[in-house]
Amino acid sequence: EVITAEDVGKMPDKNVADSLQRVPGVNISTSGAGSGGFDENDRVSMRGTAPSLTQTLINGHAVSSGDWFVLDQVGGAVGRSASYSLLPSEIVGQVIVYKSPTADQIEGGSSGSIDIKTRHPLDFKNAISMEATVQAVYATLPEKTDPQVSALFNWKNDAGTLGLMVQGFSEKRTLRRDGQELLQWTQVAPTNAAVKTNPDLANVWFPRLIGSSLFQQERKRKGGLIDLQFKPNRDFSLEATYFRSKMEASNYNTNYMTDMNGSGMLGSGVAPDPGYVVRNGTLVSASFTNKGTAGTPLRYGIVDNIVRDGAYAQTEFFDLDGKWRATDRLVFTAKAVSTKGKGVTPSQGVYEGDVNNSGASYQLNGLGSPATVKFPNINTANF
């Protein structure tokens, strides 16, 4: 499957993953692993496999990338997958999707490979070519409009043997995500004190934390590509390409959560009020009345605020390609590549506070509206 720059231009694609999602058998996702979904496509995979099994190449070589979210920077959550949020669609000459690995491809694409071909200076028709785009993107939840700007300049000599192309881009996006998080599903141990008075709770599952989260982020993606091509005749060519993209991604996350392991809740041995509902081995509805005293406050929830100022992701590469046709039957090719990816969270400021002495209740509703949570006598909007 092949996607050309003309195909990309027909749709409002912001990065290469946006274009690839229209190819049959190619899947996209809006997150690296633990960061959750966003409005920009970030990972690409094939036939429903993990993104780390799909090899991403640029001009036939591997490319390193990083992730701005700290939990995507550690462990095996992301693996060798590439972040497409760092690859704007403006760099595309064509994208080739190999759904079955072949012997001439670089190792690493168990489920297939995606090769992003950038444009080349000597491919342009005119001696001097200039392009520019100015766009804007409106985000509904934050109610903000942000600019998207890119420009290209290309020159080649009259003989068509030497060419230089320079590209630059600067894009801003304002993100906001409102949602619920059901975290750390836990099973009631038979030794839990609540089981002594309520035997039907033994081995029942419940979500330890039910959070109402608000995530806000401002993304600024800037970078460019420089390509110098020399081809004195049809038998010899030499090309050098440098690309760099950096996405600044400072963010703020706040979460108001019930804590089922709190001192007034089930995880700490407190049985729910009469009328709780167990369905298919899961505690789907329960209320916990405040049983604390003025001197012994009980915890029913957690207020959690996290600031990650200065978080960013970055990728860059430099490659040098050479080709020499010695005879009609003998061709020499060479490639030298250096690539580097960075994912940085320089600091993570955290404030966490307890929700005390109010009691709590919850009800699981299914996928449409996951849960209803109430804290009596507390206006959660103040947090």
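Residues numbered from 1 in each chain as written. Predicted model: local features only at pLDDT ≥ 70, side-chain atom pairs only at ≥ 80, totals over all residues. Heavy atoms only, no water.

A. Examining the overall build of the protein chain more closely. Assigned secondary structure in the protein chain consists of three helices and 21 strands. Here the C-alpha atoms of the protein chain give a radius of gyration of 27 Å, more than 25% beyond the 21 Å that 2.2 N^0.38 yields for 383 residues. In terms of overall dimensions, the protein chain has C-alpha extents of about 90 × 40 × 35 Å along its principal axes. Looking at the protein chain residue by residue over its 383 residues, the buried ones come to 43%. Counting only contacts in the protein chain whose residues sit at least 6 apart along the sequence, the fraction spanning at least 24 positions is 70%. (Helix = DSSP H or I, 4+ residues; strand = E, 2+ residues; numbered from the N terminus. Rg over C-alpha atoms; globule rule 2.2 N^0.38 Å. Buried < 20%, exposed > 50% of the residue type's maximum accessible area, 1.4 Å probe, protein only. Contact = heavy atoms within 4.5 Å.)

B. Main features of the environment of Tyr276. Mapping Tyr276 onto the fold places it in the loop between strand E13 (251–259) and strand E14 (277–279). Sequence separation between Tyr276 and Val70 is 206 residues; the distance between their C-alpha atoms is 38 Å. Among the polar contacts listed, one links the side chain of Tyr276 to the side chain of Asn198, at a separation of 3.1 Å. Of note is the side chain of Tyr276, whose polar atom sits 2.8 Å from the side chain of Asp200. (Polar contact = N/O pair within 3.5 Å; in protein donor to acceptor, adjacent residues only side chain to side chain.)

C. Spatial organisation of the layout of surface pockets. Space inside the largest pocket adds up to approximately 640 Å³. Taken together, 24 residues make up the lining of the largest pocket; nearest its centre are His120, Ser237, Glu239, Asp321 and Lys323. When contributions to the lining of the largest pocket are tallied by element, the ones reaching two or more residues are strand E11 (205–233), strand E12 (236–248), strand E17 (312–327) and strand E18 (330–344). Tallied by class, residues from the lining of the largest pocket come to four nonpolar, eight polar and twelve charged. (1 Å grid on protein atoms, 1.4 Å probe; cavity = no way out; pocket = protein on both sides within 12 Å on 5 of 7 lines; lining within 4 Å. Points joined across faces, edges and corners; volume = space filled by probe spheres on them. Nonpolar A, V, L, I, M, F, W, Y, C, P; charged D, E, K, R; others polar.)

D. Seen up close, the side chain of Ser89. In this structure, Ser89 sits in the loop between strand E5 (61–62) and strand E6 (92–98). When sequence neighbours within four positions are dropped, the list of residues in contact with Ser89 reads Val8, Asp13, Lys14, Asn15 and Val16.

E. Seen up close, the sheet that holds strand E7 (residues 112–118). With respect to topology, five strands assemble into an open sheet ordered E1-E6-E7-E4-E5, the strand pairing being mixed. Of all strands in the sheet, those with a lone pairing partner are strand E1 (2–4) and E5, marking the two edges. (Pairing = 2+ DSSP bridges.)

F. Seen up close, the pattern of salt bridges. For the structure on display, the rule yields 14 salt bridges. A salt bridge links Arg43 to Asp42; the shortest N-O distance between them is 2.6 Å. In terms of burial, Arg43 and Asp42 fall into one category: buried. Note that Glu131 and Arg119 form a salt bridge whose closest N and O atoms lie 3.4 Å from each other. Residue Glu131 is located in strand E8 (residues 128–139), and its partner Arg119 is located in the loop between E7 and E8; the two are separated by twelve residues in the primary sequence. You can call Glu131 partly exposed: its relative accessible area is 39%. Within this structure, Arg208, Asp259, Arg299 and Asp354 form a network of salt bridges that share partners. (Salt bridge = Lys/Arg side-chain N within 4 Å of Asp/Glu carboxyl O.)

G. Up close: the nonpolar core. In terms of nonpolar packing, the biggest core is built from 27 residues, with Phe206, Met260, Leu266, Leu283, Phe288, Tyr300 and Tyr362 touching the most fellow members. Here this core takes four residues from strand E15 (residues 282–288), the largest share from any one element. By size, the runner-up hydrophobic cluster in this structure holds 26 residues, among which are Ala17, Ile58, Ile91 and Phe317. (Core = buried A, V, L, I, M, F, W, Y, C linked by side-chain atoms within 4.5 Å.)

H. Geometry of the packing of aromatic side chains. Throughout the structure, instances matching the rule amount to six aromatic pairs. On the numbers, 6.1 Å between centres and 35° between planes, the contact of Trp68 with Phe215 is tilted. One end of the pair, Trp68, is in the loop between E5 and E6; the other, Phe215, is in strand E11, with 147 residues separating them in the sequence. Residue classification places Phe215 among the buried positions, given a relative accessible area of 4%. Through a chain of ring-to-ring contacts, three or more aromatic side chains come together here, namely Trp68, Phe69 and Phe215. Over the ring of Phe215 we find Arg177; its NZ or CZ atom is 5.2 Å from the centre of that ring. The ring centre of Tyr312 lies 4.4 Å from the NZ or CZ of Lys246, which sits over that ring. (Phe/Tyr/Trp six-rings, centres within 6.5 Å; stacked < 30°, edge-to-face > 60°. Lys NZ or Arg CZ within 6 Å of the ring centre and 35° of its normal.)

I. Fine view of the pairing of E17. Note: E12 against E17, 13 bridges, orientation antiparallel. Within E17, the residue paired with Arg244 across the bridge is Glu316. Sheet topology note: the E17/E18 ladder contains 15 bridges and is antiparallel. Residue pairing across strands places Asp321 opposite Lys335, the latter belonging to E18.

J. Representation of the side chain of Asn154 in the model. Secondary-structure assignment places Asn154 in strand E9 (residues 144–156). Given a relative accessible area of 0%, Asn154 falls into the buried group. Within the structure, Asn154 has its side chain in polar contact with the backbone oxygen of Pro121 (distance 3.1 Å). Contact partners of Asn154, with chain neighbours within four places excluded, come to Pro121, Phe124, Ala127, Ile128, Ser129, Leu164 and Met165.

K. Local environment of empty space enclosed by the protein. Following the criterion strictly, the structure yields four cavities of 30 Å³ or more and no others. Each pocket or cavity is described by its volume, and for the second largest cavity that value is around 60 Å³. Residue lining of the second largest cavity: Glu40, Ser85, Gln148, Glu171, Lys172, Arg173, Arg219, Lys220, Arg221 and Met247, and that is the complete set. Breaking the lining of the second largest cavity down by element, the ones donating at least two residues are strand E10 (162–187) and E11. The residue inventory of the lining of the second largest cavity, partitioned by class, reads one nonpolar, two polar and seven charged.

Don't take any of this as a statement about function, it's just geometry.
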